[in-house]
Amino acid sequence: MTEVIPRVHWLKLPLDMVKPTPPHVNAYLIQGDRGYLLVDTGWGTDETLDSVKKHLAAIGADFKDISQIIVTHIHPDHYGLAGKIKQLSGAKLAFHEIEKGFIESRYIHMENLLSQTAHLLGMNGVPPDELPLIKNATLGLEQFVSPVNPDVTFRGGETIAFGEFTFKILLTPGHSLGHVCLYEPKKGILICGDHILPTITPNTGRHPQSDENPLKSYLDSLNDMKNLGVDLVLPGHESPFDKFETRVNELIQHHKERNHSILVNLKREPQTAYQIARGLVWGIAFAWPEMPAFHKRLAISETLAHLTFMVDDGRLKQIARDGMIYYRQN
Ligand SMILES: [Zn+2]
Ligand SMILES: [Zn+2]
């Protein structure tokens, strides 16, 4: 464990999700006057729980010393252990009310969400032979989550005082609709989950639980926070970094370029989101046929987010044909 600034500890936790994934997920432990605030909990395995325990022991603490838990968003790698750690510590758990609304459909009764996903994938051109695998790509993730409701929900804009820290809760939709970041203006730190990562481009996808135009929401929240004044970024994967503004600009630029290459792809004939996703270069070393279904799903939903963005700003048009949606330049 590393103390990144006084009283803020970085917990690098093992992560063994669908490969290739980032090799670890980060949680942060903030030391208050009495007890600790844990931000994000890690992937729900015994190995991760053990790792949290060891990190705590290294600073002479144990689970009972955690008095509050905040989860940036309820993806399994951030929320997985929330239930277990809450049980072991008795801590109060908080996250955004939108994320609370996803618990049941993602981790308890998944049938509805699966059929909505299948419908969306089919409409967007995923062929019947690939559809079942891509639809079911997230099935099984629920084993790595101990679902639990929060004691407190956020709406965004709250202030959380903890010891010498005063965090502002920022609602930052895009990667997940109810994703929050914790900003501490006096210390200049931003705990930002999967909203901003130092080298990985966070996934921003259109799916049944995103909003209508998730890429717009994402870019809007990046633009809104660009001038916050952040000296140290504490991301959910990879390592803490400075140069916050540079990274925000890079991400904005990346999405601009992505939009452009999709537009170029649509020069000749209309295509479905699936066809476009197949033709793009993705940041993992797989050609489409070998790409794991989980990553195909991310690629399609990300492509769809770009397409929706450009329909909204007038660059593209949708055409319905044979029960599917095609896109062409406007
Ligand atoms: Zn995530
Ligand atoms: Zn993550």
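Here is a short report on the structure shown in this document. Just so you know, these numbers come straight off a predicted model, no measurement behind them. (Residues numbered from 1 in each chain as written. Chains lettered and ligands numbered in written order. Predicted model: local features only at pLDDT ≥ 70, side-chain atom pairs only at ≥ 80, totals over all residues. Heavy atoms only, no water.)

In this model helix α6 (residues 111-123) runs 18 Å from its N-terminal to its C-terminal C-alpha over 13 residues, within 8% of the 18 Å that 1.5 Å per residue would give. Here α6 has its buried residues at L113, L114, T117, A118 and L121. Within α6, the buried residues cover an arc of 140° as seen down the axis, which keeps them to one side. Those residues of α6 that are exposed and angled more than 90 degrees off the buried face are E111, N112 and H119. Looking at the buried side of α6, the elements it contacts are α5 (103-108), α7 (131-135) and α11 (293-312). (Helix = DSSP H or I, 4+ residues; strand = E, 2+ residues; numbered from the N terminus. Expected span 1.5 Å × (residues − 1). Buried < 20%, exposed > 50% of the residue type's maximum accessible area, 1.4 Å probe, protein only. Arc of directions from axis to C-beta. Contact = heavy atoms within 4.5 Å.)

To continue, consider the pattern of salt bridges. Evaluated as defined, the whole model comprises eleven salt bridges. Here E164 makes a salt bridge to R7, at a shortest N to O gap of 3.5 Å. Pair noted here: E164 is in the loop between β8 (159-162) and β9 (165-171) and R7 is in the loop between β1 (2-5) and β2 (8-14), with a separation of 157 residues, a long-range link. One salt-bridge network, held together by shared partners, links R7, E164 and K187. (Salt bridge = Lys/Arg side-chain N within 4 Å of Asp/Glu carboxyl O.)

So, about the coordination of the zinc ion (ligand 1). Within the protein, H73 (NE2), H75 (ND1), H175 (NE2) and D194 (OD) serve as the donor atoms for the zinc ion (ligand 1), at 2.1 to 2.3 Å. For the zinc ion (ligand 1), the four donor atoms in the first shell make angles of 92 to 172° at the metal, a pattern classed as irregular. Sequence positions of the donors to the zinc ion (ligand 1) reduce to the motif H-x1-H-x99-H-x18-D. A separation of 3.5 Å is found between the zinc ion (ligand 1) and the zinc ion (ligand 2), both of which receive a donor from D194. Here H175 is found in the loop between β9 and β10 (180-184), whereas its partner D194 is found in the loop between β11 (189-193) and α8 (214-225), with 19 residues between them in sequence. Overall, H175 belongs to the buried group, its relative accessible area being 10%. (Donors = N, O, S within 2.8 Å, 3.2 Å for Na, K, Ca; no water. Tetrahedral: all angles 85-135°; square planar, octahedral: opposite > 155°, others 65-115°.)

Sheet architecture is open: seven strands sit in the order β1-β2-β3-β4-β5-β6-β7, paired in mixed fashion. Edge positions in the sheet fall to β1 and β7 (152-154), since each has one partner strand and no second. This sheet shows a mean twist of 25° between the axes of neighbouring strands, independent of strand direction. Looking at chain direction, β1 and β2 are connected through three bridges and run antiparallel. Bridging across to β2, T2 finds its partner in W10. Against the sheet, helix α1 (residues 46-58) makes contact with β2, β3 (24-31) and β5 (66-70), and its axis sits at roughly 155° relative to β2, the strand it touches most. Those strands touched by helix α3 (residues 82-89) are β4 (36-39), β5 and β6 (92-96), and its axis lies near 160° from that of β5. (Pairing = 2+ DSSP bridges. Axes fitted to C-alpha atoms, helices over the stretch in contact; angles between N-to-C directions.)

Where α8 meets helix α9 (residues 244-265), the axes come as close as 10 Å, and the angle between the chain directions of the two elements is 155°. Relative to α9, α8 is oriented roughly antiparallel. Between α8 and α9 lies a crossing whose hand is left-handed. Counted together, L215, Y218, L219, L222, N223 and M225 of α8 and F244, V248, L251, I252, H255 and N259 of α9 form the full contact between these two elements. Taken together, the residues of the contact of α8 with α9 break down into nine nonpolar, three polar and no charged. (Parallel < 35°, antiparallel > 145°, perpendicular 65-115°, else oblique. Left-handed = near helix turned anticlockwise from the far one by under 90°. Nonpolar A, V, L, I, M, F, W, Y, C, P; charged D, E, K, R; others polar.)

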